[in-house]
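Fold and geometry: a report
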Amino acid sequence: MGMTIAEKIIALAAGVPEVKAGDIHTVNLDRMMSNDGTTHLTVDMYHNKLKHPHIADPKKMVFIVDHNVPSDSPKTAASQKKMRDFAREHNIDFWEGKGVCHQIMMENYVRPGELIFGADSHTCTYGALGAFGTGVGCTDLLYGMVTGTSWVLVPETVKFNLVGKLPEGVYPRDLMLTIIGEIGANGVNYQVMEFTGEGTKTLSVNDRMVLCNLAVEAGAKTAIFQADEIALEYLRERGREPKAVFESDPDAVYAREYTFDLSKIQPVAARPDFVDDVVPAKEVCGVRIDEAFLGSCNNGRIDDLRVGAKILKGHKVSDHVRFLVVPASQEVYLQAMKEGLIEIFMESGAIVMNPNCSVCWGSCQGVIGENEVLISTGTRNFKGRAGHPSSKVYLGSSATVTASAIKGEICTADQL
Ligand SMILES: CC(C)[C@H](C(=O)O)[C@@H](O)C(=O)O
Ligand code: SF4
């Protein structure tokens, strides 16, 4: 029987010739990532719960401080110290303040064909490079750390056929929010979203990251693209080799299929408090905002900063808006500096921050107050996600967020 890309990756990690959806397999993990959201809990369990604490292979581990960096309280400082000390003691790769975990992973580690666990729900981002990345809790992360292995219930795969090309001024973020709006927040629960079709050839690795990253917002176990020439070029530029390059067999089994015509996609926004409450952005135009956020592991890359800077150039951020611009990594930040983008943001009145999760999860920077409204390129708009429970978060593309920051109310770039 034919297999999908995801099934082939699991089969390779399990050391068996074939797997099918519904099977349970023990797998070797290629890598494990953990960030300051939960690593302190994993470290506590390591010390307090294990009879024979040890790490199978420290080279497989990556610890990244990105959620609350620089630390914002004595409490986070203490939990980050725990993480930092543990990483040093055990020779674990450690990154602090260098970028959002998934961006760091994509820039430095992920290889096609790998099976990667991350103690973070957006680990599905790595499918942009043809890897199977999935989020786990810290108990599973600890098990993986100690044994180098884990288990996987092989998920079904759902095929997303992409045709055509996105129109000018419409972005992968609009496409993925549209898909989530259509299939719903439980649309692909515990399934793999496989993106395929000629439309994928119009998408860069950065674009593919946007799609894969948000897959978990539709309940997906992960999302994946075939590692084609575009992905292999991204790898080559970074001096990495693939582990394995797979494509789905013609007779692979899919649970369902959808087709999305990219040329029909329009700017959209997700209304508070649900990621799948997606409407044409024009429908929410006029909503007064207090803050705008351009950043996160979904939309803090150089492409996003270029889009934002192009729209902002020659304009000023509205008097009553804080516009936070947060590059997803130092690599992105440096590139933006070289291109003069940071200057444009600063001169227009934006607040440019150090690479981190920022107000995407509203626990460290930019937290919004009672009844305040944020328009954001972050991943989620759940109640209280960015601060006070009465505050509201709208999600939109980098273009819509920047245009709204200028106007002081939600608007699309073509309305400026
Ligand atoms: C803190 C972390 C565990 C969490 C996640 O798993 O996604 C966060 O990154 C988020 O986006 O809500
Ligand atoms: S940027 Fe947002 S979604 Fe991404 S890891 Fe940080 S908090 Fe989670």
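Looking at an unreviewed UniProt entry, the protein chain carries the name 3-isopropylmalate dehydratase large subunit, with the source organism given as Brotaphodocola catenula. Comment text from UniProt for the protein chain, heading Subunit (unreviewed entry), reads "Heterodimer of LeuC and LeuD." In its Function (unreviewed entry) section, the UniProt entry covering the protein chain states "Catalyzes the isomerization between 2-isopropylmalate and 3-isopropylmalate, via the formation of 2-isopropylmaleate."

Another aspect to go through is a nonpolar patch on the surface. A cluster of nonpolar side chains, Ile 24, Trp 151, Leu 153 and Tyr 190, forms an exposed patch at the surface whose accessible area comes to about 400 Å². Mapped onto the secondary structure, Leu 153 falls in strand β7 (residues 149–153).

For strand β3 (residues 61–65), a buried count of five out of five residues is recorded, marking the element as mostly surrounded by other parts of the structure. Side chains Met 61, Phe 63 and Val 65 project from β3 onto one buried face, and the interleaved Val 62 and Ile 64 project onto a second face that is buried too. As paired strands, strand β2 (residues 31–35) and β3 are joined by four bridges and run parallel to one another. Looking at the pairing, Met 33 lines up with Val 62 of β3. The parallel pair β2 and β3, bridged by helix α2 (residues 39–49), forms a crossover whose chirality is right-handed. In this structure, β3 lies alongside strand β4 (residues 93–96), joined through four bridges in parallel fashion. Residue Ile 64 lies in a different strand from β4, and its bridge partner there is Trp 95. A crossover connection joins β3 to the parallel β4 through helix α3 (residues 74–90); in handedness this β-α-β unit is right-handed.

Another point: the pattern of salt bridges. Tallied over the full model, the rule gives 21 salt bridges. For the salt bridge of Glu 339 with Arg 306, the shortest nitrogen-to-oxygen distance reads 2.7 Å. Taken together, the residues Glu 339 in the loop between α11 (330–338) and α12 (341–347) and Arg 306 in helix α10 (residues 302–312) connect sequence positions 33 residues apart. For Glu 339, a relative accessible area of 31% gives the class partly exposed. For Arg 306, a relative accessible area of 37% puts it in the partly exposed group.

About the thresholds
- Residues numbered from 1 in each chain as written.
- Chains lettered and ligands numbered in written order.
- Predicted model: local features only at pLDDT ≥ 70, side-chain atom pairs only at ≥ 80, totals over all residues.
- Heavy atoms only, no water.
- UniProt positions renumbered as here; feature names shortened; annotations may be inferred.
- Patch = residues over 30% accessible without salt bridge, like charges linked within 9 Å, V, L, I, M, F, W, Y side chains within 5 Å.
- Areas by Shrake-Rupley, 256 points an atom, 1.4 Å probe, with all protein chains shown as cover.
- Salt bridge = Lys/Arg side-chain N within 4 Å of Asp/Glu carboxyl O.
- Helix = DSSP H or I, 4+ residues; strand = E, 2+ residues; numbered from the N terminus.
- Buried < 20%, exposed > 50% of the residue type's maximum accessible area, 1.4 Å probe, protein only.
- Pairing = 2+ DSSP bridges.
- Right-handed = clockwise from strand over helix to strand, strands pointing away.

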